[in-house]
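Observations on the model geometry
Letter by letter, the chains look like this.
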Amino acid sequence: SVLDRINAIDEKIGSYITVLEEEALEQAKEVQERIDKGEAKSPLAGIPMALKDNICTKNVKTTCASKMLGSFIPPYDATVSKKLYNEGAVLLGKLNMDEFAMGASTENSYFKITRNPWDLERVPGGSSGGSAAAVAAGMAGFALGSDTGGSIRQPASFCGIVGMKPTYGAVSRFGLVAFASSMDQIGPLTKDVTDCAMVLNAITGYDPMDSTSADVKYPDYSKALINDVKGIRIGIPKEYIGDNTNLDVKKAVLDAAKTLKELGAQVAECSLPLTEYAIPAYYIISSAEASSNLARYDGIKYGYRAKEYTDLMDLYVRTRSEGFGVEVKRRILLGTYALSSGYYDQYYKKALQVRTLIKNAFNEVFEKYDVLLGPAAPTTAFKIGEKKEKPLEMYLGDIYTVSVNIAGLPALTIPCGFDGNNLPIGLQLIGKPFDESTLLRVGYTFE
Ligand code: GLN
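Under an unreviewed UniProt entry, the name given to the protein chain is Glutamyl-tRNA(Gln) amidotransferase subunit A, and the organism recorded is Acetivibrio thermocellus. The annotation that UniProt attaches to the protein chain under Subunit (unreviewed entry) is "Heterotrimer of A, B and C subunits." Taken directly from UniProt, the Catalytic activity (unreviewed entry) text for the protein chain runs: "L-glutamyl-tRNA(Gln) + L-glutamine + ATP + H2O = L-glutaminyl-tRNA(Gln) + L-glutamate + ADP + phosphate + H(+)".

Structure, rendered in structure tokens:
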């Protein structure tokens with residue numbers, strides 16, 4: 001039925017880059033046999049899922065929505081792909097995204113744009129826009145996305161679903177095509193908080209294949225699904241509900257806070273005074289890392305290669321000029337500039353210092369609060385084309401999500417109402433490192 005749904009509506013939405021019709025039915029049959037034999041007991045056994053197209057899948061094209069990897073077929077599975085197959089989840093296909101996960105609207109895909117299922121003239125958010133739209137429109141039971149600066153939480157917010165960016169190190173990055181390695185993290189996009197806990201149970205855990213994977217004890221997240229928020233200390237950073245935030249968004253978020261207070265949580269205003277420095281720090285650090293990570297696309301080892309060239313240098317130049325889109329080139333230029341000698345101290349080093357201050361500021365508020373509450377984004381879904389030619393405006397929309405990646409924290413987005421145009425609004429809950437459970441517990445209250 002999910003495949004039928006994809007065939008019926010995805011032409012309009014554009015969430016899939018690759019659909020695996022026969023393969024999915026074949027895999028479903030195998031899982032059914034495992035279930036019948038009593039071998040597959042996971043709650044995810046037989047559940048149809050889809051993965052963002054920057055998560056490697058063995059023998060299945062993984063394009064990163066780029067011409068550069070347009071025909072790349074990985075010879076191996078990402079750790080998360082393997083884990084989900086082991087649970088019996090069935091892969092329906094691979095989902096559209098901004099090229100190399102750079103963007104906030106899914107308009108930067110080489111292949112096509114994705115539309116918001118709530119209003120086809122609007123963006124689904126990004127960069128995991130394909131993932132969010134597919135789940136919102138019933139074209140997948142759940143999806144995985146990646147979040148470097150908000151790419152799970154903001155599209156979840158724009159599409160009215162649940163999205164979680166786990167603590168840095170909680171989910172293996174092995175097989176995730178790198179954008180900014182010190183901030184990239186894979187996470188679930190689901191219909192509700194219960195599903196989020198199930199998927200999190202499947203994908204978290206130590207992985208020796210990822211040098212930044214955390215070797216800690218991971219809890220059973222379903223234990224957090226209790227209807228009780230009594231005594232939980234919730235802080236609302238005043239910088240998150242200021243003039244930058246649309247009034248409908250602000251109202252819905254504060255209403256949610258009021259509900260939590262009525263249910264016994266302790267809610268108070270707090271402050272994250274460095275919020276205004278998060279965007280510049282994020283764009284310098286992420287672009288610097290991207291410029292280094294994307295140096296591997298040279299037309300030699302794998303990926304696109306220019307058809308005509310005179311010598312090796314010409315091959316590099318043509319391959320990269322033809323293979324990357326405008327936004328990716330912008331990031332590579334920005335990152336290379338910030339890392340170049342003479343500017344390194346002024347930009348990159350400064351951004352790392354700001355990063356430390358932001359981390360410290362979070363540590364300080366988390367002495368008084370268990371969870372921080374605010375919007376996931378300052379607005380609801382914007383119109384297709386509205387910000388495409390205004391990259392700075394697009395970047396500023398990331399104001400409430402990037403600090404979380406800078407500090408490596410977990411954060412959960414859940415739907416909390418609608419604006420005047422009937423577009424979904426997302427509530428963001430930010431937690432202490434490895435305390436995903438408290439976020440799920442608070443989020444579950446609204447289920
Ligand atoms: N919008 C942010 C950016 O363009 C976040 C992207 C992401 O999280 N992958 O960098």
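Re the overall build of the protein chain
In terms of regular secondary structure, the protein chain is built from 14 helices and 11 strands. By its C-alpha atoms, the protein chain is 70 × 65 × 45 Å across when sized along the principal axes. With 447 residues in all, the protein chain has 58% of them scored as buried. When contacts within the protein chain are restricted to residue pairs at least 6 apart in sequence, long-range pairs at least 24 apart make up 75% of them. If you sum the accessible surface of the protein chain, you get close to 18000 Å²; carbon and sulfur atoms cover 52% of it.

Considering the site of the ligand
Neighbouring the ligand are 15 residues; Thr148, Gly149, Ser151, Tyr282 and Arg331 lie closest to it. Separating an oxygen atom of the ligand from a backbone N or O atom of Gly103 is a distance of 2.9 Å. One nitrogen or oxygen atom from the side chain of Tyr283 is found 3.4 Å from an oxygen atom belonging to the ligand. Out of a free accessible area of 300 Å², the ligand has 99% covered by protein chains.

Quick notes on the pairing of strand β2 (residues 48-52)
Judged by how many residues are buried, β2 sits mostly within the fold: five of five residues are covered. Judged from the five bridges that link them, β2 and strand β3 (residues 90-95) form a sheet pairing that is parallel. For Pro48, the partnering residue across the bridge sits in β3 and is Val90. With helix α3 (residues 79-87) bridging β2 and the parallel β3, this β-α-β connection has right-handed handedness. As judged from the three bridges shared by β2 and strand β4 (residues 142-146), these two strands associate in the parallel manner. When the bridges of β4 are listed, Leu51 appears paired with Leu144.

With respect to the UniProt feature "active site" (unreviewed entry) in the protein chain
Those residues carrying the UniProt feature "active site" (unreviewed entry) are Lys52, Ser127 and Ser151 in this numbering. In terms of the greatest pairwise C-alpha distance, the residues named above, spread along 100 residues, form a tight cluster of at most 10.9 Å across. Structurally, Lys52 is set in strand β2. For Lys52, a relative accessible area of 0% translates into the label buried. Lys52 has contacts with Lys94, Leu95, Met97, Ala101, Ser127, Ser128, Ser131, Leu144, Gly145, Ser146 and Ser151, leaving out every residue within four places of it along the chain. The exposure class assigned to Ser127 is buried, which follows from its relative accessible area of 0%.

With respect to the sheet that holds strand β7 (residues 233-237)
Ordered in space as β1-β3-β2-β4-β6-β5-β10-β11-β9-β7-β8, the 11 strands form an open sheet in which the pairing is mixed. Of all the strands in the sheet, the pair left with one neighbour each is β1 (16-19) and β8 (266-270). For this sheet, the mean inter-axis angle between neighbouring strands, taken without regard to orientation, is 25°. The strands that α3 touches are β2, β3, β4 and β6 (186-190); relative to β2, the one it contacts most, it runs at about 180°.

A short note on a negative patch on the surface
A cluster of like negative charges, contributed by Asp4, Glu21, Glu22 and Glu23, occupies part of the molecular surface. Ranked by residues supplied to the negative patch, first place goes to helix α2 (residues 21-36) with three residues. Along the chain, Glu21 falls in helix α2. Using a relative accessible area of 35% as the deciding quantity, one classes Glu21 as partly exposed.

Notes on the pattern of salt bridges
One pass over the full model with this rule turns up 14 salt bridges. Between Asp147 and Arg153 there is a salt bridge whose closest N-O contact spans 2.9 Å. Classification of Asp147 by relative accessible area gives buried; the value is 0%. Each of the salt bridges in this network shares a partner with another, and the network as a whole consists of Asp228, Lys230 and Arg441.

Some points on the packing of aromatic side chains
A complete count under the given rule lists 18 aromatic pairs for this structure. Ring geometry for Phe72 and Tyr302: centres 5.6 Å apart, planes at 35°, overall tilted. In this pair, Phe72 is assigned in the loop between β2 and α3 and Tyr302 in the loop between α8 (275-293) and α9 (312-323), connecting sequence segments 230 residues apart. By relative accessible area, which is 32% here, Tyr302 ends up partly exposed. Within the aromatic cluster, the residues linked to one another by ring pairs are Phe72, Phe100, Tyr297, Tyr302 and Phe324. Positioned above the aromatic ring of Phe382 is the side chain of Lys387, whose terminal nitrogen or guanidinium carbon lies 4.3 Å from the ring centre.

Things to note about the nonpolar core
A general tendency of soluble globular proteins is for nonpolar side chains to be buried together. Membership of the largest hydrophobic core comes to 75 residues, with the highest contact counts inside it found for Leu84, Phe100, Leu144, Phe362, Leu372 and Ile430. Of the residues forming this core, the biggest block, eight residues, is contributed by α8. By size, the runner-up hydrophobic cluster in this structure holds 36 residues, among which are Val193, Ile234, Cys416 and Ile425.

What to know about the state of the cysteines
Counted according to the given criterion, the structure contains zero disulfides. There is no disulfide at Cys64, and the cysteine sulfur nearest it, in Cys56, is 7.7 Å away. Take Cys270: it sits in no disulfide, and the sulfur closest to it among the cysteines is that of Cys416, at 17 Å. Take Cys270: its relative accessible area is 8%, and that puts it in the buried class.

Quick look at helix α4 (residues 129-136)
The element α4 is extensively covered by neighbouring structure, given that seven of its eight residues are classed as buried. Regarding α4, the residues found buried are Gly129, Gly130, Ser131, Ala132, Ala133, Ala134 and Val135. Count one or two residues on from α4 and you reach Gly138, which has phi positive near 75°.

Quick notes on the rules
- Residues numbered from 1 in each chain as written.
- Predicted model: local features only at pLDDT ≥ 70, side-chain atom pairs only at ≥ 80, totals over all residues.
- Heavy atoms only, no water.
- UniProt positions renumbered as here; feature names shortened; annotations may be inferred.
- Helix = DSSP H or I, 4+ residues; strand = E, 2+ residues; numbered from the N terminus.
- Buried < 20%, exposed > 50% of the residue type's maximum accessible area, 1.4 Å probe, protein only.
- Contact = heavy atoms within 4.5 Å.
- Areas by Shrake-Rupley, 256 points an atom, 1.4 Å probe, with all protein chains shown as cover.
- Near = heavy atom within 4 Å.
- Polar contact = N/O pair within 3.5 Å; in protein donor to acceptor, adjacent residues only side chain to side chain.
- Pairing = 2+ DSSP bridges.
- Right-handed = clockwise from strand over helix to strand, strands pointing away.
- Axes fitted to C-alpha atoms, helices over the stretch in contact; angles between N-to-C directions.
- Patch = residues over 30% accessible without salt bridge, like charges linked within 9 Å, V, L, I, M, F, W, Y side chains within 5 Å.
- Salt bridge = Lys/Arg side-chain N within 4 Å of Asp/Glu carboxyl O.
- Lys, Arg positive; Asp, Glu negative; His and termini not counted.
- Charge placed at Lys NZ, Arg CZ, Asp CG, Glu CD.
- Phe/Tyr/Trp six-rings, centres within 6.5 Å; stacked < 30°, edge-to-face > 60°.
- Lys NZ or Arg CZ within 6 Å of the ring centre and 35° of its normal.
- Core = buried A, V, L, I, M, F, W, Y, C linked by side-chain atoms within 4.5 Å.
- Disulfide = S-S within 2.5 Å.

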